[in-house]
Each structure stands twice: as C-alpha cells, then as structure tokens.
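Residues per chain are reported as follows:
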Amino acid sequence: MTTATVYAEFAAREARGISPIYERLSVMVSRDDEVLCLLGLLPPAKQQPNLLFGVVRFLGGPVEDPAAFRDYVVTGWPLIEAEMRTRATQTNEAGRCAVLLPVLAALPQPLALLEVGASAGLCLYPDRYSYRYGDHRIGDGDLILDCAATGMDLPAGLPEVVWRAGLDLNPLDVTHPVDLAWLDALIWPEHAHRRARLRAAAALTAAEPPLLVRGDLVDDLPALAAQAPADATLVVFHTAVMYQVPPPRREAFTRTVRALPGHWIANETPDVLAYPALPTPPDGALRNVLALDGTPLAWTRTHGQAITWFG
C-alpha cells in the first residue's frame with residue numbers, strides 16, 4: 001500500500017465523521033507529491049498519519065488549515081522528521097478499559113495485570129474507573145467511561161487488581177510535562193472530552209504509579225510476568241499495539257504469551273491479528289476484535305466507545 005493510499009484510507013475509514021480536521025489533512029497529504037516525498041524518507045512504520053499529525057501538534061504547528069499545515073511541514077521538515085524518527089504513537093486511552101472490563105470481571109479474581117505496549121500505564125487501572133453502559137453504571141469513581149454495549153451480559157462489578165505492570169519500548173511518565181504533552185498531542189483536535197479524560201486518568205495514575213518496564217514484548221515479557229504474585233490470575237493484555245510490530249515479531253509474541261500461565265486479552269484489528277471466520281462488523285466504526293486466549297469475542301471501537309458481542 002502506498003503512503004498516498006494510507007492517508008486516503010485514513011481519511012475515509014478512520015477520520016471521517018470523527019475528526020473533520022484530520023480528514024481534511026489526510027486528503028491533502030494523499031494528493032501532495034512534495035509532502036509524500038518527504039514522508040518517503042522515513043521508514044514505513046514512521047509514515048503513519050497519527051504520528052505526523054501528533055508531532056505537528058506537539059511542536060505547536062497548525063492543523064486546522066490544510067494549506068498552513070502543508071507550509072509548516074515543508075518548511076519545518078528537519079525538526080518534524082527528527083521527532084517522527086524518535087517518537088511513536090503511544091495513544092494511552094483509558095476509555096479502552098470499558099471494552100476490557102467484561103472479560104476482566106469474568107476471570108478468576110484477584111488479577112495481576114500486565115499490559116504490553118503500556119505507554120504511561122493508564123489502562124492498568126480498570127478497577128479505579130467508573131463505567132456507564134447505557135443506563136447501567138458500574139463503580140463510583142469520578143472518572144466515568146461511557147461505552148455503548150450490544151449483545152452481552154454487563155459485568156456486575158469491578159475486577160480486583162492486586163498487581164499491575166506495563167512493558168513498553170519507551171514507557172512514558174505522566175508526571176513528566178513533556179511526556180504528558182506528547183500524550184495530549186496524540187488526542188485528535190476536536191476531542192476535548194478525551195483530553196479531559198487524559199488529565200483525570202493521569203492524575204489517578206500519578207497518585208499510585210504502576211511498575212513500567214522498558215523492554216521488548218517478546219524478549220522481556222516472561223521475566224516481567226514471573227514477577228506477578230502466584231496467588232493472582234495473570235492477565236497479559238494489549239490494545240491497538242500490534243500494528244506497530246513487524247509480522248515475525250507478532251508471531252513470536254503469540255507463541256510467547258501462549259506459553260505463560262494465566263490469560264491473554266487482545267484488542268486489535270483483524271488485519272494484524274487474524275482470526276478465522278469472523279462475523280461481519282455491524283458498522284465500519286467497529287474495527288477491533290476483542291479476544292480471550294485467542295478466541296474472538298466481540299467487535300469494539302478504537303477508543304472503547306462501543307462493543308458488540310458476537311452472537
């Protein structure tokens with residue numbers, strides 16, 4: 001797939017109806033030979049729209065006007081390129097806990113959570129957030145995560161978490177202003193509610209920081225998993241991470257995680273973590289598949305806004 005096609009599809013499949021600003025930018029980039037040529041200087045994994053747009057926002061560049069954005073990228077490319085080469089999309093969306101909760105709450109308690117691609121670890125606190133599935137509320141915390149749920153039995157309560165750890169090539173620290181600014185820059189411009197949620201989740205995390213380990217999802221996973229308490233159910237999970245991992249490493253990770261005790265929860269698009277005979281998603285916004293121990297269970301939206309259980 002060419003870079004132009006990646007941006008055109010991002011505009012049509014991901015940004016449309018969700019971020020008009022990013023839809024306009026993506027369409028512009030897909031048709032601009034000079035910007036595409038600059039992006040072509042980067043490794044393919046570094047050419048993605050979210051990374052380019054996030055870096056420009058992080059640097060204080062304009063995103064609302066495509067012409068101003070283009071001029072900023074072309075004239076400021078050396079600095080933009082340097083940031084894109086060193087940074088990665090580490091969107092840490094606490095809202096994704098809403099689609100993980102039905103599985104987490106149904107596992108044998110208490111839980112030892114280990115997130116792969118944890119970023120700053122905001123998704124390691126599913127027991128500290130509150131949830132609202134339509135009229136059904138779970139938990140009494142101040143931060144409420146809303147999720148439209150279809151075709152499933154709603155969880156009766158929150159999981160009991162006694163240990164939490166994250167593994168990431170570049171773990172972020174929410175108490176560090178630059179790290180928090182990068183997480184903020186990755187939130188799409190119109191999503192003020194997500195920005196407020198990031199701040200609230202970051203404050204909660206900073207009050208009781210998780211164990212975050214810099215390491216590789218294959219080479220360093222077994223050693224970190226071995227630190228989990230033996231009297232808790234180990235749960236290794238990840239959400240929207242595997243698209244950044246080369247296919248051979250995804251396969252190695254799958255073998256590694258299956259060899260561990262406990263359970264494995266994945267929430268990824270089926271093009272990076274494939275399953276046989278998936279049902280047709282009810283709409284185009286439900287792009288991720290929630291799975292437990294390799295068995296697909298439901299379609300979910302990218303940021304945890306909705307979950308539709310398989311019939």
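This one's a predicted model, so the numbers in the text were calculated from it and none came from an experiment.

Cut-offs applied
- Residues numbered from 1 in each chain as written.
- Predicted model: local features only at pLDDT ≥ 70, side-chain atom pairs only at ≥ 80, totals over all residues.
- Heavy atoms only, no water.
- Helix = DSSP H or I, 4+ residues; strand = E, 2+ residues; numbered from the N terminus.
- Contact = heavy atoms within 4.5 Å.
- Axes fitted to C-alpha atoms, helices over the stretch in contact; angles between N-to-C directions.
- Parallel < 35°, antiparallel > 145°, perpendicular 65-115°, else oblique.
- Left-handed = near helix turned anticlockwise from the far one by under 90°.
- Buried < 20%, exposed > 50% of the residue type's maximum accessible area, 1.4 Å probe, protein only.
- Pairing = 2+ DSSP bridges.
- Core = buried A, V, L, I, M, F, W, Y, C linked by side-chain atoms within 4.5 Å.
- Polar contact = N/O pair within 3.5 Å; in protein donor to acceptor, adjacent residues only side chain to side chain.

S.K.: Explain the environment of Val-103 to me, please; I cannot follow it from the model alone.
M.R.: One can find Val-103 in helix α7 (residues 97-106). It is 30 Å that separates the C-alpha atoms of Val-103 and Phe-10, two residues lying 93 residues apart in sequence. Excluding residues that lie within four positions of it along the chain, Val-103 makes contacts with Ile-265, Leu-290, Leu-292, Leu-297 and Trp-309.

S.K.: Help me out: how do you make sense of the packing of helix α4 (residues 49-58) against helix α8 (residues 177-185) in this one?
M.R.: Helices that pack against each other are described as a pair by the angle of their axes relative to one another and the distance between those axes. Viewed as axis vectors pointing N to C, α4 and α8 meet at an angle of 130 degrees, and their least axial separation amounts to 8 Å. When the axis of α4 is compared with that of α8, the two are oblique. Handedness of the crossing formed by α4 with α8: right-handed. Side by side, α4 and α8 meet where Leu-51, Gly-54, Val-55, Arg-57 and Phe-58 of the first sit next to Val-178, Ala-181, Trp-182, Asp-184 and Ala-185 of the second.

S.K.: Honestly, the pairing of strand β1 (residues 111-116) in this entry has me stumped. Any pointers?
M.R.: The side chains of a regular strand alternate between both faces of the sheet. The buried fraction of β1 amounts to six of the six residues, a majority that puts the element mostly inside the structure. Residues Leu-111, Leu-113 and Glu-115 line one face of β1 and the alternating positions Ala-112, Leu-114 and Val-116 line the opposite face, and both faces are buried. The sheet contact formed by β1 and strand β6 (residues 161-168) spans six bridges and is parallel. If you follow Leu-114 over to β6, its bridge partner there is Ala-165.

S.K.: Is there a simple way to explain the nonpolar core in this structure?
M.R.: Within soluble globular proteins, side chains that are nonpolar generally end up buried alongside one another. Counting residues in hydrophobic clusters, the biggest one holds 68 residues, and the most contacted among them are Leu-52, Phe-69 and Tyr-129. Looking at which element gives the most residues to this core, the answer is α7, with seven residues.

S.K.: Help me understand the side chain of Asn-92, please; the structure alone is not making it clear to me.
M.R.: Along the chain, Asn-92 turns up in the loop between α6 (77-86) and α7. A distance of 3.1 Å separates the side chain of Asn-92 from the backbone nitrogen of Leu-122, its partner in a polar contact. When residues no more than four places from it in sequence are discounted, the contact partners of Asn-92 are Ala-118, Ser-119, Ala-120, Gly-121, Leu-122, Cys-123, Leu-183 and Leu-198.

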